[in-house]
Amino acid sequence: MQRERRTLQRTVALAAILPIAAGLYGVLFGIDGIGTNPAVNVSADSHFRYLSGLLTGIGFLFLTCVPGIEDKTTLFRFLTLVVVLGGLARLLGLALTGLLSVTMLAALVLELGVAPLLCLWQTRVAGLARDATLLNGPRP
């Protein structure tokens, strides 16, 4: 159980780096950072930077789940729900406006595939930890 727990922790820590890096990039470079028309609307750029800040925060919150990950089920599920809702919005955009770039398609896979799988894995590890506690008593 401890080995699986550590593997999950490492995986979540690595996965959390992606939204942190992408978010910080968006905050620093704005919408022009993704190669759009330089004459972009200032309000659209401001909104993009705001959403990039939220993305950064989501990544940092996932990082807070790494220590004691087996006890962070509620936060982990909430963060996963937020990510999946964002992915569904991106999917709707794909349906309404057409094919996304490779980068955006990769983000969609992470949002609607990887994040839910990590959430299921976290739930499994939390269940294993709970079962071990019932059998062996509380952890020191």
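Everything below is about the structure shown above.
First, a word on what this report is: a plain description of the structure on this page. (Residues numbered from 1 in each chain as written. Predicted model: local features only at pLDDT ≥ 70, side-chain atom pairs only at ≥ 80, totals over all residues. Heavy atoms only, no water.)

### A word on the layout of surface pockets
Our working rule: Think of a 1 Å grid over just the protein atoms. A cavity is a set of points where a 1.4 Å probe fits yet cannot get out, a pocket is an open set with protein on both sides within 12 Å along at least five of seven lines, and lining residues have an atom within 4 Å of a point. Grid points are joined across faces, edges and corners, and a volume is the space filled by probe spheres set on the points. A run of DSSP states H or I qualifies as a helix once it reaches four residues; a run of E qualifies as a strand once it reaches two. Both are numbered from the N-terminal end. In the scheme used here, Gly and all other residues not listed as nonpolar or charged are polar, with Ala, Val, Leu, Ile, Met, Phe, Trp, Tyr, Cys and Pro taken as nonpolar and Asp, Glu, Lys and Arg as charged.
Within this model, the largest pocket holds a volume of roughly 1300 Å³. Taken together, 36 residues form the lining of the largest pocket, with Ala22, Leu55, Arg90, Ala107 and Glu111 sitting closest to its centre. Secondary structure elements with two or more residues in the lining of the largest pocket: α1 (2-29), α2 (42-64), α3 (73-97) and α4 (102-136). Partitioned by chemical class, the residues of the lining of the largest pocket number 26 nonpolar, 8 polar and 2 charged.

### Focus on the environment of Ile69
Worth spelling out the cut-off: Throughout, a residue-residue contact means that at least one pair of heavy atoms, one from each residue, lies within 4.5 Å.
Mapped onto the elements of the fold, Ile69 is located in the loop between α2 and α3. Distance from Ile69 to Ala126, taken between C-alpha atoms, is 7.6 Å for residues 57 residues apart in sequence. The residues contacting Ile69, other than those within four sequence positions of it, are Arg5, Leu8, Gln9, Val12, Phe76 and Gln122.

### A few points about a nonpolar patch on the surface
For clarity, the cut-off: Each patch is assembled from residues with relative accessible area greater than 30% and no salt bridge, linking like charges that lie within 9 Å and nonpolar side chains (Val, Leu, Ile, Met, Phe, Trp, Tyr) that lie within 5 Å. Residue-level accessible areas treat just the shown protein chains as cover; the underlying method is Shrake-Rupley with a 1.4 Å probe. Any Lys or Arg side-chain nitrogen located within 4 Å of an Asp or Glu carboxyl oxygen qualifies as a salt bridge. The cut-offs for exposure are 20% and 50% of the maximum accessible area for each residue type, with area from a 1.4 Å probe on protein chains only; residues under the lower value are buried, those over the upper are exposed, and the others partly exposed.
Together, Phe78, Leu81, Leu85, Leu88, Leu91 and Leu112 give the surface a local cluster of nonpolar side chains, amounting to about 530 Å² of exposed area. Per-element accounting of the nonpolar patch gives the leading share, 5 residues, to α3. Looking at the element boundaries, Leu81 is found in helix α3. By relative accessible area, Leu81 is classed as partly exposed at 48%.

### Description of the nonpolar core
For clarity, the threshold we go by: Residue types Ala, Val, Leu, Ile, Met, Phe, Trp, Tyr and Cys, when buried and joined through side-chain atoms within 4.5 Å, form a set referred to as a nonpolar core.
Ranked by internal contacts, the top residues of the largest apolar core, which has 15 residues, are Leu8, Val12, Phe62, Ile69, Phe76 and Val83. By residue number, the principal contributor to this core is α4, which donates 4 residues. Apart from residues no more than four positions distant in its own chain, Val12 is found in contact with Phe62, Val66, Ile69 and Phe76.

### Quick notes on the pattern of salt bridges
Applying the stated criterion to the full structure yields 4 salt bridges. Its salt-bridge partner being Glu4, residue Arg124 comes within 2.7 Å of it at the nearest N-O pair. With a gap of 120 residues between them, Arg124 in helix α4 and Glu4 in helix α1 connect regions that are remote in the sequence. Taking relative accessible area as the criterion, Arg124 reaches 47% and is therefore assigned partly exposed. Between Arg49 and Asp45 there is a salt bridge, with its nearest N and O atoms 2.7 Å apart. Of this pair, Arg49 and Asp45 both sit in helix α2, 4 residues apart, which is roughly one turn of that helix.

### Notes on the environment of Ala129
Among the secondary structure elements, Ala129 is positioned in helix α4. It is 23 Å that separates the C-alpha atoms of Ala129 and Leu81, two residues lying 48 residues apart in sequence. Once residues lying within four places of it in the same chain are set aside, the contact partners of Ala129 are Met1 and Glu70.

### Side note on the packing of α2 against α3
This is how the line gets drawn: A fitted line through C-alpha atoms serves as each axis, taken over the contacting stretch for helices, and the angle formed by two N-to-C directions is quoted from 0 to 180°. These descriptions rest on fixed angle ranges, namely under 35 degrees for roughly parallel, over 145 for roughly antiparallel, 65 to 115 for roughly perpendicular, and the rest for oblique. Here a crossing is taken to be left-handed if its near helix is turned anticlockwise relative to the far helix by less than a right angle, and right-handed if that turn runs clockwise.
Relative to each other, α2 and α3 sit at 155°, their axes nearing to 10 Å. It follows that α2 is roughly antiparallel to α3 by the angle criterion. Every pair of crossing elements has a handedness; the one defined by α2 and α3 is left-handed. Across from Ile58, Leu61, Phe62 and Thr64 in α2, the residues of α3 making contact are Leu75, Phe76, Leu79, Thr80, Val82 and Val83.

### Structural notes on the packing of aromatic side chains
Counted only if it meets this: Two rings belonging to Phe, Tyr or Trp (six-membered ring only in the last case) form a pair when the distance between their centres is within 6.5 Å. Interplanar angles under 30 degrees mark stacking, angles over 60 mark edge-to-face geometry, and anything in between is tilted.
Within the structure shown, the criterion is met by 2 aromatic pairs. Ring geometry for Tyr25 and Phe29: centres 4.7 Å apart, planes at 40°, overall tilted. On the criterion of helical spacing, the pair formed by Tyr25 and Phe29 is a turn pair, its members being 4 residues apart in helix α1. Judged by relative accessible area, Tyr25 falls into the partly exposed class, the value being 41%. Seen from their ring centres, Phe62 and Phe76 are 5.2 Å apart, and the 80° between their planes marks the pair as edge-to-face. Taken together, the residues span a long stretch of sequence, with Phe62 in helix α2 and Phe76 in helix α3 at a distance of 14 residues. Across the pair, exposure class does not vary: Phe62 and Phe76 are buried alike.

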